[in-house]
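# An overview of the molecular structure
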Amino acid sequence: MSNYFKLNELNTNIHTEVLAGFTTFISMSYILFVNPNVLGAAGMNQGAVFTATALSAAFGTLMMGLYAKYPIATAPALGINAFFSYSVVIGMGVNWQTALAAVFVASLIFILITIFKLREVIIDAIPSDLKFAISSGIGLFIAFLGLHQGGLIVANKSTVVGLGSFTTPTTWLTIIGLIVTSILMVKRVPGAIFIGMAVTAIAGLITGLIPMPHHVISGAPSLKPTFGVGVEYFSHINTIQLWVVVLTFLLVTFFDTAGTLVGLAQQAGFMKDNKMPRVGKALMSDSSAMLVGSILGTSPVGAYVESSAGIAVGGRSGLTSVVTAICFILGMFFSPLLPVVTNQVTAPALIIVGVLMAQSMKRVHWEKLEIAIPAFLIVIGMPLTYSISDGMALGLIMYPLTMIAAKRGKEVHPIMYALFFIFIVFIAILNVK
């Protein structure tokens, strides 16, 4: 095992990798409950979606670990699942079966462009400064996610966002977890993030803010209501409107995953000469997971930013992902225990990981405005638009313009000019009502 995953070469060990894998799972286990709720709004069977979510996450994560050998987990992506239910099914009046077929078609196209290495070429073409900006932007995004989920930042009609209420008891769980985790991180205690999450969960159980589970083990719900439905309704993708839906599923997943992979690779120190080793295998892993997910019965699957929690604990090899995948499989049978991992338990971990990822900003050439402006738009755009792909769009549209203004247009890779037009079309599609 040590030789296969090259643990010594990566300066890690089995204990660290197991801890990292479990930490990643705990950080993203909420998707097992959130995804069924979101897709349930579209009329899908929540039990079947629960099982499809767990299995598609396990499949993609296992491939990422055994095939690509990266400590990166995959699962049905947040945001695009809301687009599936509220925009496509409820907004456009498309039945969920046809919407699932659109995901299936998008996944087939996704695999084709991966086989022809189009995704790999695009990722390699992004300048190193913008890659650092993407990593930092994801850091701010997940920190904002943690602050919001933990109750420290809330919506405010007057100022858009504002400070949360300290009279809300559960907010104090986040505060306690953040203080404990911060102290442990500063003291460089191994597994600080995981220990902080454990302390927060225990505090919640003791105070009654997190309910004690009534059961420990339960059977996994049947896949029958959703399995193969996307394939069965393949022929229903026969209108311009539905092809726009397919294109939206494709583009959002494409750029969300590209940004996430780049950001996580930067955080873990995998980047070499501005390139991500084995990126083709990583891309094939997530595109295959999207295809499997569409057959099982869930919205698009992609790489998860919460993998950064496991990386921060020390995960550096594919063994981390293998452990996470096993946890997803076991999670189907221990679902009564998973509600203990509330938003307040995972929030401190996301905030601290955001701090770690934001350190990439120091490697951006801020003194050069032609670089600083698009980099800043990426960094600030991701948390403020609540979308990795939207934040990338803002920066990558601006980049060729500022480089031309600085008379450095010839230094811009031709693919970056192509992305300029692609992102303009991408934004136009997202704004089609």
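Predicted model only: the values in this text are computed from it and were never measured.

## Notes on a positive patch on the surface
A surface patch of like charges, here positive, comprises Lys6, Lys272, Arg278 and Lys281. Relative to the elements of secondary structure, Arg278 occurs in the loop between helix 12 (240-268) and helix 13 (279-296).

## Things to note about the pattern of salt bridges
Going through the model one piece at a time under the given rule, you end up with three salt bridges. Here Glu411 and Arg408 are joined by a salt bridge, their closest N and O atoms 2.8 Å apart. The class for Glu411 is exposed, based on a relative accessible area of 52%. The buried category is assigned to Arg408, whose relative accessible area is 19%. Sharing partners across several salt bridges, the network here consists of Glu370, Arg408 and Glu411.

## Thoughts on the nonpolar core
By size, the foremost hydrophobic cluster in this structure holds 121 residues, and its most contacted members are Phe84, Phe249, Met276, Met392 and Phe423. Looking at this core, the element that brings in the most residues is helix 12, giving 15 residues. The residues touching Phe84, leaving out its near neighbours within four places in the chain, are Leu39, Ala42, Met44, Val89, Trp96, Ala99, Leu100, Val103, Phe249 and Ser299.

## Considering the layout of surface pockets
Its boundaries defined by the atoms lining it, the largest pocket holds a volume of some 670 Å³. Forming the walls of the largest pocket are 30 residues, and the residues nearest its centre are Leu78, Gly79, Ile80, Asp256 and Tyr386. Looking at the lining of the largest pocket, the elements that each hand over two or more residues are helix 5 (80-91), helix 8 (128-149), helix 12, strand 4 (301-303) and helix 18 (388-405). For the lining of the largest pocket, the element with the highest residue contribution is helix 12, accounting for five residues. Considered class by class, the residues forming the lining of the largest pocket number 17 nonpolar, ten polar and three charged. The computed volume of the second largest pocket comes to approximately 510 Å³. Around the second largest pocket sit 21 residues that line it, and Met185, Ala312, Arg316, Leu356 and Gln359 are the ones nearest its centre. Secondary-structure elements contributing two or more residues to the lining of the second largest pocket are helix 8, helix 10 (192-207), helix 12, helix 14 (307-313) and helix 16 (343-358). For the lining of the second largest pocket, the element with the most residues is helix 14, which contributes three residues. For the lining of the second largest pocket, a count of residues per class yields eleven nonpolar, six polar and four charged.

## Details of the packing of helix 3 (residues 31-40) against helix 4 (residues 46-66)
Contact geometry of helix 3 with helix 4 gives a least axis separation of 8 Å together with a crossing angle of 135°. In this view, helix 3 runs oblique relative to helix 4, as classed from their interaxial angle. Relative to helix 4, the crossing made by helix 3 is right-handed. In contact with Ile31, Leu32, Phe33, Asn35, Pro36, Asn37, Leu39 and Gly40 of helix 3, helix 4 contributes Gln46, Val49, Phe50, Thr53 and Ala54.

## Here's the deal with the environment of Ser387
With respect to the helices and strands, the residue Ser387 is situated in the loop between helix 17 (369-385) and helix 18. When its relative accessible area of 13% is taken as the criterion, Ser387 is described as buried. Sequence-wise, Ser387 and Thr12 are 375 residues apart; in three dimensions their C-alpha atoms are separated by 32 Å. Filtering out sequence-adjacent residues up to four positions away, Ser387 remains in contact with Phe141, Asp256, Gly381 and Met382. A polar atom in the side chain of Ser387 sits 3.1 Å from the side chain of Ser389.

## As for helix 10
Relative to the 22 Å expected for 16 residues at 1.5 Å per residue, helix 10 spans 22 Å between its end C-alpha atoms, a close match to the ideal helical length. Every buried residue belonging to helix 10 is among Ala192, Ile193, Gly196, Met197, Thr200, Ala201, Ala203 and Gly204, and all of these are buried. Against the buried residues of helix 10 lie helix 2 (14-28), helix 9 (169-186), helix 14 and helix 16. Following helix 10 by one or two positions, Gly208 adopts a phi angle in the positive range, close to 85°.

Here is what the cut-offs are and how they apply
- Residues numbered from 1 in each chain as written.
- Predicted model: local features only at pLDDT ≥ 70, side-chain atom pairs only at ≥ 80, totals over all residues.
- Heavy atoms only, no water.
- Patch = residues over 30% accessible without salt bridge, like charges linked within 9 Å, V, L, I, M, F, W, Y side chains within 5 Å.
- Areas by Shrake-Rupley, 256 points an atom, 1.4 Å probe, with all protein chains shown as cover.
- Salt bridge = Lys/Arg side-chain N within 4 Å of Asp/Glu carboxyl O.
- Lys, Arg positive; Asp, Glu negative; His and termini not counted.
- Charge placed at Lys NZ, Arg CZ, Asp CG, Glu CD.
- Helix = DSSP H or I, 4+ residues; strand = E, 2+ residues; numbered from the N terminus.
- Buried < 20%, exposed > 50% of the residue type's maximum accessible area, 1.4 Å probe, protein only.
- Core = buried A, V, L, I, M, F, W, Y, C linked by side-chain atoms within 4.5 Å.
- Contact = heavy atoms within 4.5 Å.
- 1 Å grid on protein atoms, 1.4 Å probe; cavity = no way out; pocket = protein on both sides within 12 Å on 5 of 7 lines; lining within 4 Å.
- Points joined across faces, edges and corners; volume = space filled by probe spheres on them.
- Nonpolar A, V, L, I, M, F, W, Y, C, P; charged D, E, K, R; others polar.
- Axes fitted to C-alpha atoms, helices over the stretch in contact; angles between N-to-C directions.
- Parallel < 35°, antiparallel > 145°, perpendicular 65-115°, else oblique.
- Left-handed = near helix turned anticlockwise from the far one by under 90°.
- Polar contact = N/O pair within 3.5 Å; in protein donor to acceptor, adjacent residues only side chain to side chain.
- Expected span 1.5 Å × (residues − 1).

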